[in-house]
Amino acid sequence: SRGDGPTGVRVIGQQVVLEREAERIEALGTARARASATIFPETAGEVESVAFSAGDRVAEGDVLLRLEADQERLEVRLSEVAVREAEQLLARYRRIEGTGAVSDSQIDEAETALEAARIEVEQARVALNERIVRAPFGGYVGLTDIDPGARLTPDAAITDLDDRSVLFVDFN
């Protein structure tokens, strides 16, 4: 020190910033979605419409594809008519039940016919519902090469569906 007086140190203020320390590691692994499925139609038929594009996010139950269903809609209507007819016949039998004009066995047969007609309605609705392909769970749909007008069989893959909300990764 020379004794000339106090010497100053120049200080520059800087705001303190916390930063996360990160290391980058590269590794090869195989990723798998939490759920994955290849979607097939329940039944054969002509494609009426495709309701998705590759990469779309779909929710469980969303319509993916519709098959032509004119015959199935007619079967539902026809079976509903059969239920109404069976209900009317049973109602007529019930009105005259105590008069002796109708036997107990005829009433039993009418009740059985009504129950059978109701089952046919359920079967027709199931067949109609099979003409609509829905997403079994939420996720992302893949590519498809199916267009309206194409004929599908039950072994024709429509698309793949992956639930990528959670990925499992396997490293060697």
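On a predicted model such as this, the values are computed, not experimentally measured, just so you know.

About the thresholds
- Residues numbered from 1 in each chain as written.
- Predicted model: local features only at pLDDT ≥ 70, side-chain atom pairs only at ≥ 80, totals over all residues.
- Heavy atoms only, no water.
- Helix = DSSP H or I, 4+ residues; strand = E, 2+ residues; numbered from the N terminus.
- Expected span 1.5 Å × (residues − 1).
- Buried < 20%, exposed > 50% of the residue type's maximum accessible area, 1.4 Å probe, protein only.
- Core = buried A, V, L, I, M, F, W, Y, C linked by side-chain atoms within 4.5 Å.
- Contact = heavy atoms within 4.5 Å.
- Salt bridge = Lys/Arg side-chain N within 4 Å of Asp/Glu carboxyl O.
- Axes fitted to C-alpha atoms, helices over the stretch in contact; angles between N-to-C directions.
- Parallel < 35°, antiparallel > 145°, perpendicular 65-115°, else oblique.
- Left-handed = near helix turned anticlockwise from the far one by under 90°.
- Nonpolar A, V, L, I, M, F, W, Y, C, P; charged D, E, K, R; others polar.
- Phe/Tyr/Trp six-rings, centres within 6.5 Å; stacked < 30°, edge-to-face > 60°.
- Lys NZ or Arg CZ within 6 Å of the ring centre and 35° of its normal.

### Focus on helix 1 (residues 70–95)
Here is step 1: Here helix 1 is 26 residues long and its end C-alpha atoms lie 38 Å apart, about the 38 Å a rise of 1.5 Å per residue gives.
Here is step 2: For helix 1, the set of buried residues is Glu 72, Val 76, Ser 79, Val 83, Ala 86, Leu 90 and Tyr 93.

### As for the nonpolar core
Here is step 1: In this structure, Leu 64, Leu 65, Leu 152, Ile 158 and Leu 161 are the most contacted members of the largest nonpolar core, which totals 15 residues.
Here is step 2: Sorting elements by how many residues they give to this core places strand 4 (residues 63–67) first, with three residues.
Here is step 3: Residues in contact with Leu 152, not counting those within four places in the same chain, are Pro 41, Ala 44, Gly 45, Val 47, Leu 65, Leu 67, Ile 146 and Ile 158.
Here is step 4: In terms of nonpolar packing, the next biggest core, distinct from the first, is built from ten residues, Ala 86, Ile 107, Ala 110 and Ala 117 among them.

### Some words on the pattern of salt bridges
Here is step 1: As enumerated under the stated definition, the model contains eight salt bridges in all.
Here is step 2: When the shortest N-O distance is used, the salt bridge between Asp 70 and Arg 73 registers 3.0 Å. One end of the pair is Asp 70 and the other is Arg 73, both in helix 1 and three residues apart, which spans about a single turn.
Here is step 3: Across the pair Glu 80 and Arg 125 runs a salt bridge, and its minimum N-O distance is 2.8 Å. Remark: Arg 125 occurs in helix 2 (residues 104–129) and Glu 80 occurs in helix 1; sequence separation between them is 45 residues.
Here is step 4: The partly exposed category is assigned to Glu 80, whose relative accessible area is 25%.
Here is step 5: The network of salt bridges with shared partners includes Arg 94, Glu 97 and Glu 111.

### Topic: the packing of helix 1 against helix 2
Here is step 1: At a minimum axis distance of 8 Å, the contact between helix 1 and helix 2 shows a crossing angle of 165°. Considered as vectors, helix 1 and helix 2 are oriented roughly antiparallel to each other. Both helix 1 and helix 2 take part in a crossing whose hand is left-handed.
Here is step 2: Taken together, the residues that form the contact of helix 1 with helix 2 break down as 16 nonpolar, two polar and ten charged.

### With respect to the environment of Ala 44
Here is step 1: Its place among the elements puts Ala 44 in the loop between strand 1 (29–39) and strand 2 (45–50).
Here is step 2: The class for Ala 44 is partly exposed, based on a relative accessible area of 34%.
Here is step 3: Through-space distance from the C-alpha of Ala 44 to that of Pro 154 is 5.5 Å; in sequence the pair is 110 residues apart.
Here is step 4: For Ala 44, the residues in contact, after removing those within four places along its chain, are Leu 67, Arg 131, Leu 152, Thr 153 and Pro 154.

### Some details on the packing of aromatic side chains
Here is step 1: Under the definition given, this model contains zero aromatic pairs.
Here is step 2: The ring of Tyr 140 has Arg 57 lying over it, and the distance from NZ or CZ to the ring centre is 5.6 Å.

### Side note on the environment of Pro 148
Here is step 1: Structurally, Pro 148 is set in the loop between strand 6 (139–141) and strand 7 (151–152).
Here is step 2: Note: C-alpha distance between Pro 148 and Glu 46 (102 residues apart in sequence) is 7.6 Å.
Here is step 3: Ignoring any residue separated from it by four or fewer positions in sequence, one finds Pro 148 in contact with Val 47, Glu 48, Ser 49 and Val 50.

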